[in-house]
Amino acid sequence: MIVSSPVLDALRVGFKTEFQRGLGMAPMMKDRVAMMVRSTTFESRYGWLKKLSGMREWIGPRVVDNLAESQYSIANRHFEKTIGVDRNDIEDDNLGQYATMFAEMGELTGALPEQLVWDLLKAGFSTNCFDGQFFFDTDHPIIDANGAETTYANTDGGAGTGWYLLCTNRTVKPIIYQERKAPEFVSKDKPTDDNVFNERMFYYGTDMRCNVGYGFPQMAWGSRQTLNAANYAIGRAAIQNMKGDGGRPLGLVPNLLVVPPSLESAGRQILNSEYGTGGITNEWKGTAELLVVPWLA
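Throughout what follows, the structure given in this document is the object of discussion. (Residues numbered from 1 in each chain as written. Predicted model: local features only at pLDDT ≥ 70, side-chain atom pairs only at ≥ 80, totals over all residues. Heavy atoms only, no water.)

Quick word on the packing of aromatic side chains
How two aromatic rings sit relative to each other is given by the distance of their centres and the angle of their planes. The following threshold applies: Between the rings of Phe, Tyr and Trp (Trp by its six-membered ring), a pair exists once the centres lie within 6.5 Å; its type follows the angle of the planes, with under 30 degrees stacked, over 60 edge-to-face, and the other angles tilted. Strands are runs of DSSP state E lasting at least two residues, helices are runs of H or I lasting at least four, and both sets are numbered from the N terminus onward. Buried residues are those whose accessible area, probed at 1.4 Å on protein chains only, stays under 20% of the maximum for their type, while exposed residues exceed 50% and partly exposed ones sit between those limits. By definition, being over a ring means that NZ of Lys or CZ of Arg is both within 6 Å of the ring centre and within 35 degrees of the ring normal.
Applying the stated rule across the entire model yields 14 aromatic pairs. On the numbers, 5.5 Å between centres and 45 degrees between planes, the contact of Phe19 with Phe185 is tilted. Taken together, the residues Phe19 in helix α1 (residues 5-24) and Phe185 in strand β9 (residues 175-188) connect sequence positions 166 residues apart. Comparing Phe19 with Phe185 shows no difference in burial state: the two are buried. Measuring from ring centre to ring centre gives 6.1 Å for Phe125 and Tyr164, while their planes differ by 40 degrees; the resulting arrangement is tilted. With Phe125 in the loop between α4 (96-122) and β5 (140-143) and Tyr164 in strand β8 (residues 163-166), this residue pair connects regions lying 39 residues apart in the sequence. The structure contains a cluster of three or more aromatic residues connected by ring pairs, namely Phe15, Phe19, Tyr98, Phe102, Phe185 and Tyr204. The ring of Tyr177 has Lys30 lying over it, and the distance from NZ or CZ to the ring centre is 4.7 Å. A cation over an aromatic ring shows up here: Arg224 above the ring of Phe125, its NZ or CZ 4.1 Å from the ring centre.

Rendered as structure tokens:
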């Protein structure tokens with residue numbers, strides 16, 4: 001095959017098509033627990049996480065909610081993946097292997113947000129959220145109905161495998177997925193490019209800018225206790241009893257139980273089985289949906 005501009009143009013289109021095909025095959029599990037936020041700068045601040053409050057009776061002048069001063073921000077990270085195509089493979093028409101490589105590059109690119117979101121959820125027992133506490137903690141600060149500072153818990157600790165009961169049916173979700181730049185397919189494939197002249201390699205790649213952070217801790221219960229009916233009930237009651245600043249009930253109802261593959265059986269027993277221990281009716285059947293996440297393994 002003669003390496004000409006029409007040939008290179010056709011290759012670029014073909015490689016990009018395979019990349020897009022792989023990108024479209026990527027899983028979308030993260031959308032169950034993460035809300036998408038478009039970012040337009042190097043980093044985005046989330047002061048509103050501290051300031052949102054409920055409706056109040058209009059007596060006297062309006063009370064204006066402004067963005068609270070907050071150090072919690074999410075800085076975008078830059079990711080890339082590049083494939084080199086040997087000029088000899090083009091001349092020898094030995095290109096069949098590359099279709100698979102570019103499709104795989106698309107799948108890996110699409111899976112990156114999944115990896116970021118689920119890694120962050122798993123790290124919630126040891127990573128701070130906007131209030132300066134671990135996302136899953138026993139002493140998150142909050143203001144009660146009398147204006148005094150108190151605390152609330154969204155974990156019962158433990159030392160086993162983590163599982164997560166979440167409220168994901170509100171506008172704000174437990175995790176924030178921040179996107180600055182969607183995946184873009186780029187190339188350096190002119191015969192006069194230095195990489196071709198010096199290395200005999202045509203470069204094709206993708207890059208994207210994004211990151212993840214935490215939303216409201218009240219919307220998530222993380223536990224390392226044994227996943228059984230009793231501990232599930234503790235988490236469910238805790239989320240339903242969550243309050244915001246001023247002691248107002250948040251009206252949260254958990255709807256998603258997220259587990260790693262090792263806890264799938266325990267999750268199914270709680271949410272899908274007709275009967276519980278001892279043959280009694282399983283009162284928790286259908287109270288949430290089970291989501292088994294391979295990235296939590």
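Back to the text.
Notes on the packing of α1 against α4
When two helices pack together, you describe them by how their axes are tilted relative to each other and by the distance separating the axes. Test applied: Angles shown run from 0 to 180 degrees and are taken between the N-to-C directions of axes, each axis being a line fitted to C-alpha atoms and, for helices, limited to the stretch in contact. An angle below 35 degrees is read as roughly parallel, one above 145 as roughly antiparallel, one from 65 to 115 as roughly perpendicular, and any other as oblique. Left-handed is the label given to a crossing in which the near helix is rotated counterclockwise from the far helix by less than a right angle, and right-handed is the label when the rotation is clockwise. Should any heavy atoms of two residues lie within 4.5 Å, those residues are counted as being in contact. Only Asp, Glu, Lys and Arg are considered charged, only Ala, Val, Leu, Ile, Met, Phe, Trp, Tyr, Cys and Pro nonpolar, and every remaining residue, Gly among them, polar.
It is at 6 Å that the axes of α1 and α4 come closest, and there the two elements cross at 40 degrees. For the element pair α1 / α4, the angle class is oblique. The handedness of the crossing between α1 and α4 is right-handed. Residues Phe15, Glu18, Phe19, Arg21, Gly22 and Leu23 of α1 form the contact with α4, whose participating residues are Tyr98, Ala99, Phe102, Ala103, Met105, Gly106, Glu107, Thr109 and Gly110. The class makeup of the residues in the contact of α1 with α4 is eight nonpolar, four polar and three charged.

Some words on α4
For clarity, the cut-off: In a helix, the anticipated span is given by 1.5 Å times the number of residues less one. Bend is computed residue by residue as the angle between axes fitted to the seven residues ending at the residue and the seven residues starting at it.
In this model, α4 (27 residues) spans 39 Å end to end at C-alpha, consistent with the 39 Å of a helix rising 1.5 Å per residue. At Ala111, α4 shows its largest bend, some 30 degrees, and a proline, Pro113, comes one to four positions later.

Re the sheet that holds β9
Remark on secondary structure: sheet strands pair via backbone hydrogen bonds, oriented parallel or antiparallel. Condition: Note on pairing: two strands pair once DSSP finds at least 2 bridges between them.
Taken in spatial order, the four strands of this open sheet run β1-β9-β10-β4, and their pairing is mixed. Every other strand in the sheet has two partners, leaving β1 (34-38) and β4 (77-86) as the edge strands with one partner each. For this sheet, the mean angle separating the axes of adjacent strands, direction not counted, is 30 degrees. Pairing between β1 and β9: five bridges, direction parallel.

A closer look at the environment of Val292
Positionally, Val292 belongs in strand β13 (residues 289-292). Between the C-alpha atom of Val292 and that of Val117, which follows or precedes it by 175 residues, the distance is 14 Å. In this structure Val292 touches Met29, Val259, Pro260, Pro261 and Glu264, once residues within four positions along its chain are discounted.

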